[in-house]
Amino acid sequence: MIYAKYVRSLTHEEVKVLKVMYSMLREYNAMQVEQIVYRARMHIDRVNFALAKLNEKRFIVKDENGYRLVYSGLDALVLWELANKDILSGVGKPIGIGKEADVLECIDSNANRLALKLFRIGRISFRDVTRKRLYKLDESIHNWLLLSIEAARRESNALKRLKKFNVNVPRVVAYNKHAIVMEYINGIRLVDCNILHDPEEVLSNILYNIKLAYCNANLVSGDLSEYNVLYDGENTWIIDWPQCVCKERPNADVLLERDISNIVNFFRKRYALEYDIKKVLEYVKSCNK
């Protein structure tokens, strides 16, 4: 979790060291003082003092191989940069805690409510990530922080593209490293909805958005289920797009059918709606109709 109370107290030297350590992630898992001194162009005494304070705040860790940046340090750097740009002025309670990301309430400088998504890949095994997730990663990515940074970049790009084609997804306000700031959706997950007054209309809305994403944005979620659809009482919102794929990908149709099956089967089990998955698939893929 974020050590927000320490972010405002970060000194210039501490921020500079965090930025340098972030810039070295693709090259090193652990970093030596001399390497940080060279990159930061700071006196070694100032670097050592900053490292000691960052270690005390648990933004970095020290072991026999050197210093390592950890999630709390990356969080602190992101929050410091977002605050400095007047994008965020406060962070509140968690909205959702998942296997791969935390989502927290936050506000901007005008007290507008927003959502901050911080990726936390590493809560499941690396084998599961490589086998089940479709992150297109460069071979130089060698630790969880970089996997999370890549996931945030992919989702930010996907959300921006989907929004252009009027797919009901949250609007991206800012993207920074492993974090996405987005509009706050005042809804609840489909799986947590105890009563839907018109489940057929809700399902129709979801399928229409899947169709828009497929036909207009050329994207397939690849991870769609009742756990990542929000309902605000009027509209449905499809969230969580970091593992989406272009519809031209060889396995896109398999993923699309799985997405549709997940949603249709949920409505069949909970609301006794009977839909033919093959016909739904035809509807979604009929891009000229």
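Residues numbered from 1 in each chain as written. Predicted model: local features only at pLDDT ≥ 70, side-chain atom pairs only at ≥ 80, totals over all residues. Heavy atoms only, no water.

Caption draft 1: Quick look at the pattern of salt bridges. Counted by the stated rule, this structure contains 16 salt bridges. Linking aspartate 192 and arginine 189 is a salt bridge whose minimum nitrogen-to-oxygen distance equals 2.9 Å. Classification of arginine 189 by relative accessible area gives partly exposed; the value is 34%. Taken together, the shared-partner salt bridges connect Asp75, Asp102 and Arg120 into one network. (Salt bridge = Lys/Arg side-chain N within 4 Å of Asp/Glu carboxyl O. Buried < 20%, exposed > 50% of the residue type's maximum accessible area, 1.4 Å probe, protein only.)

Caption draft 2: Inspection of the sheet that holds strand E6 (residues 172–176) at higher detail. Spatially, 5 strands are ordered E3-E4-E5-E7-E6 in an open sheet, and the strand pairing comes out antiparallel. One side of each edge strand has no neighbouring strand; the edge strands of this open sheet are strand E3 (90–97) and E6. Going across the sheet, the axis of each strand differs from the next one's by a mean of 25 degrees, ignoring polarity. Note: strand E5 (residues 113–119) against strand E7 (residues 179–183), 5 bridges, orientation antiparallel. Of the residues in E7, the one forming a bridge with leucine 114 is glutamate 183. Running at roughly 155 degrees to E6, helix H7 (residues 144–164) makes contact with E5, E6 and E7 of the sheet. (Pairing = 2+ DSSP bridges. Helix = DSSP H or I, 4+ residues; strand = E, 2+ residues; numbered from the N terminus. Axes fitted to C-alpha atoms, helices over the stretch in contact; angles between N-to-C directions. Contact = heavy atoms within 4.5 Å.)

Caption draft 3: Quick look at the sheet that holds strand E11 (residues 236–238). A sheet is described by the order of its strands in space; here 3 strands give the open sequence E8-E10-E11, paired in antiparallel fashion. At either end of the open sheet lies a strand with only one pairing partner, and these are strand E8 (188–189) and E11. Where E8 lies against strand E10 (residues 229–231), 2 bridges are found, and the strand directions are antiparallel. When the sheet's bridge partners are listed, isoleucine 188 is paired in E10 with tyrosine 231. Packed on one face of the sheet, helix H8 (residues 199–215) meets E10 and E11 and runs near 35 degrees to E11.

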